[in-house]
Amino acid sequence: MNLPELGAFLRTRRDRIRPAEVGLPHGPRRRVPGLRREEVAQLAGLSADYYTELERGSAKNGVQPSTQTLAALARALRLNGDERDHLFHLAERPVPPSAHGPSAHVQPALLGLLDRLSNTPARVITDLHETLVENDLALTLLGASPAHRGPAASFVYRWFTDPRAREIYPPEDHPQHSRVFVADLQAAAARRGRDAEVTKMVAVLRRRSQEFAALWDTHDVAVRRMDHKRIVHPLLGVIELDCYNLLSEDGRQRLLWFTAPPGSPGAEQLELLSVVGTQELSATEGMAPERLSAPESGPQR
């Protein structure tokens, strides 16, 4: 691992980002044009001391950044695809797939939009419904995404194989969600072509779920772009929201955000959600490295 080069690369990427680009105030006392080290650490879900050692390129404390840590830094520093791959090469870690999987590189345009959606729950997912990154309100509304790899990283996979995944929606809504998930997966499978990941996932789901197999054989296809959802929240009860999807150009990633008409019960519950989130998240401050890391209990979507 080339720690000096890794540290130098991180430092130059940090210097080029202006605070406003990541939703931070410039402030009158800022002595650097880019981000401070502690700001990068905060954005990546790392401790300031750990990031400082990483940027200094010192091996004396055994700094060995994991794949998750590198992916978090790539997001925090708004690295493009080539820069992300270079970061992994310097750290001597396998470069993860660029378009899908839990360690996928979030497309900068979607990440930039996510940063601006501070007052509404929002997250970026893959076309197989693997959560890549989310804001605090989405975490409070939907619960933490389990730290699975392989097919189980997909919420669609868990929907048909793990009854706990369905607890976030009222039982009477389950058949509609099943149809929507399968139709959306049909579109993703066709778009990817002979992709080993989606082929394996579909084969396993057909074996494990009669419901999935029956829906898959209908060959219904529909990319999910907008839904009206009823979400079961453990403290606020059932929250009725509209869910919108903004797809990347290649269709492999999408930004989801949740909103409700002004003055509606759902809008009032979203306002309460920010208060609930502040109280709940205060108990988990300091956890690292990823802002997605959390216990697997609770809703899984």
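Parameters and conventions
- Residues numbered from 1 in each chain as written.
- Predicted model: local features only at pLDDT ≥ 70, side-chain atom pairs only at ≥ 80, totals over all residues.
- Heavy atoms only, no water.
- Salt bridge = Lys/Arg side-chain N within 4 Å of Asp/Glu carboxyl O.
- Buried < 20%, exposed > 50% of the residue type's maximum accessible area, 1.4 Å probe, protein only.
- Helix = DSSP H or I, 4+ residues; strand = E, 2+ residues; numbered from the N terminus.
- Axes fitted to C-alpha atoms, helices over the stretch in contact; angles between N-to-C directions.
- Parallel < 35°, antiparallel > 145°, perpendicular 65-115°, else oblique.
- Left-handed = near helix turned anticlockwise from the far one by under 90°.
- Contact = heavy atoms within 4.5 Å.
- Nonpolar A, V, L, I, M, F, W, Y, C, P; charged D, E, K, R; others polar.
- Pairing = 2+ DSSP bridges.

*Asks:* Any chance you could break down the pattern of salt bridges for me, citing the residues and the numbers?
*Replies:* In this structure the tally under the stated criterion is 20 salt bridges. In this structure, the salt-bridge partner of R36 is E39, at a minimum N-O distance of 3.2 Å. Residue class for R36 comes out partly exposed when judged on its relative accessible area of 28%. Linking R230 and E172 is a salt bridge whose minimum nitrogen-to-oxygen distance equals 2.8 Å. Highlighted residues: R230 in strand β3 (residues 226-233) and E172 in the loop between α8 (155-161) and α9 (174-192), separated in sequence by 58 residues.

*Asks:* Which residues make up the packing of helix α2 (residues 37-44) against helix α3 (residues 48-56), and what values go with them?
*Replies:* Orientation of α2 relative to α3, taken along the N-to-C sense of each, is 115°, at an axis distance of 9 Å. By the angle between their directions, the pair α2 and α3 is classed as roughly perpendicular. Here α2 and α3 pass one another in a crossing that is right-handed. Packed against α2, whose contacting residues are R37, E38, V40 and A41, the element α3 presents A48, Y51, T52, E55 and R56 at the interface. For the contact of α2 with α3, the class distribution of residues is four nonpolar, one polar and four charged.

*Asks:* Pulling in residues and values, what's your account of the sheet that holds strand β2 (residues 131-134)?
*Replies:* Pairing in this open sheet of five strands is antiparallel, and the strands run β2-β1-β5-β4-β3 from one edge to the other. Strand pairing shows two members of the sheet lacking a second neighbour, β2 and β3, which therefore form its edges. Shown here is a sheet whose adjacent strand axes are inclined to one another by a mean of 30°, direction ignored. Pairing analysis gives eight bridges linking β3 to strand β4 (residues 237-247), with the strands arranged antiparallel. Bridging across to β4, V232 finds its partner in V238.

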